[in-house]
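# Observations on the three-dimensional arrangement
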Amino acid sequence: MSSSETSVITVRGLENRFGTHVVHQNLDLDVRRGEILGVVGGSGAGKSVLLRSIAGLHQPNAGTVSLIGKSADMEPRIGVLFQRGALYSSLTVEENVALPLIETIGLSRADANDIARVKIALAGLPEHAAQLLPSDLSGGMVKRAALARALALDPDILFLDEPTAGLDPIGAAAFDRLLVTVRDAFDLTVFLITHDLDTLYTACDRVAVLSQKRVLVNDTLDVVAAVDDAWIQEYFHGPRGRAAAAAVAANERGN
């Protein structure tokens, strides 16, 4: 990881309620500059709500969120990849990626399209994909197109919600490698929600576990996996967890 210990995201005392249902209470979290932080938790733990609260897409009931040491509007400095891509179905890939450049910083369509094609290439898509509609893309291509759009404004912080969901193992592994490459190339800080154990083992520097309405632990994977908590033990040491750890160990031996 190319970062120092500087926190790019600081969350203190976060509370989110929906009616009488409390999702988060007194939640604290720090995300370090340049790291890929994987966020995991059981169903209903509020992972997506936390992402939306930090990214400014949801107003929490209490607490503070600071991005890069500032509480001001940081919209131009973040990129978001939603779980299903959220591409505009009537626009081509190039038009989807160019749209934030036109609407947010006022570039001409020609200049925005030039930059969009660069971002599309960076996301690992073939040149012809720029002129395709989302309906013409495979699942993996949709994720890469959505990543290209998230990178359009050269963000400092990238938020991803289940980016490998629905992908086959080969496609998911390729996306994990791409994410690490992009992080290293652009010194991004990445907040990543995932259920994919392979992603945690191969791409994430630290893992934060949401439980009991707060962040139960936020540390390296080895430390997190050793925490005496029933959900953590079942998640990391069940059959899928053991398989993911074994695959990483085998890959390290091969290198």
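## Quick word on the packing of helix H2 (residues 93-105) against helix H4 (residues 139-150)
- Contact pair H2 / H4: the axes reach a minimum separation of 8 Å and the direction vectors enclose 25°. Classed by the angle they form, the pair H2 and H4 counts as roughly parallel. As for how H2 packs across H4, the hand of that crossing is right-handed. Contacts between H2 and H4 involve Val 93, Asn 96, Val 97 and Pro 100 from the first element and Ala 145, Ala 148 and Arg 149 from the second.
- Tallied by class, the residues present in the contact of H2 with H4 amount to 5 nonpolar, 1 polar and 1 charged.

## As for a nonpolar patch on the surface
- On the surface, a nonpolar cluster with roughly 250 Å² of combined accessible area is contributed by Val 118, Leu 122 and Phe 186.
- In this structure, Phe 186 sits in helix H5 (residues 169-186).

## Some details on the nonpolar core
- Leu 158, Leu 160, Val 190, Leu 200, Val 207 and Phe 236 are the most contacted members of the largest nonpolar core, which totals 49 residues.
- The biggest single contributor to this core is H4, with 7 residues.
- If we ignore the near neighbours within four places in the chain, the residues touching Val 190 are Glu 35, Ile 36, Leu 37, Leu 158, Leu 160, Leu 179 and Arg 183.
- Among the nonpolar cores identified, the runner-up in size contains 26 residues, and Val 31, Val 39, Ile 157 and Phe 159 belong to it.

## What about the sheet that holds strand E1 (residues 7-18)?
- In space, the 3 strands of this open sheet follow the order E2-E1-E4, with antiparallel pairing throughout. Two strands in the sheet have a free side with no partner beyond their single neighbour: strand E2 (21-32) and strand E4 (62-67). For this sheet the average axis-to-axis angle between neighbouring strands, irrespective of direction, equals 15°.
- Alignment of E1 against E2, held across 8 bridges, turns out to be antiparallel. Residue pairing for E2: Asn 16 is matched across the bridge by His 24.
- Helix H1 (residues 47-54) contacts E1, E2 and E4 of the sheet and is inclined by roughly 120° relative to E1.

## Focus: the environment of Ala 123
- Within the secondary structure, Ala 123 sits in the loop between helix H3 (109-122) and H4.
- For Ala 123, a relative accessible area of 0% puts it in the buried group.
- It is 9.1 Å that separates the C-alpha atoms of Ala 123 and Lys 143, two residues lying 20 residues apart in sequence.
- What Ala 123 contacts, discounting residues up to four positions off in sequence, is Arg 144, Ala 148 and Leu 178.

Basis of the calculations
Residues numbered from 1 in each chain as written. Predicted model: local features only at pLDDT ≥ 70, side-chain atom pairs only at ≥ 80, totals over all residues. Heavy atoms only, no water. Axes fitted to C-alpha atoms, helices over the stretch in contact; angles between N-to-C directions. Helix = DSSP H or I, 4+ residues; strand = E, 2+ residues; numbered from the N terminus. Parallel < 35°, antiparallel > 145°, perpendicular 65-115°, else oblique. Left-handed = near helix turned anticlockwise from the far one by under 90°. Contact = heavy atoms within 4.5 Å. Nonpolar A, V, L, I, M, F, W, Y, C, P; charged D, E, K, R; others polar. Patch = residues over 30% accessible without salt bridge, like charges linked within 9 Å, V, L, I, M, F, W, Y side chains within 5 Å. Areas by Shrake-Rupley, 256 points an atom, 1.4 Å probe, with all protein chains shown as cover. Salt bridge = Lys/Arg side-chain N within 4 Å of Asp/Glu carboxyl O. Core = buried A, V, L, I, M, F, W, Y, C linked by side-chain atoms within 4.5 Å. Buried < 20%, exposed > 50% of the residue type's maximum accessible area, 1.4 Å probe, protein only. Pairing = 2+ DSSP bridges.

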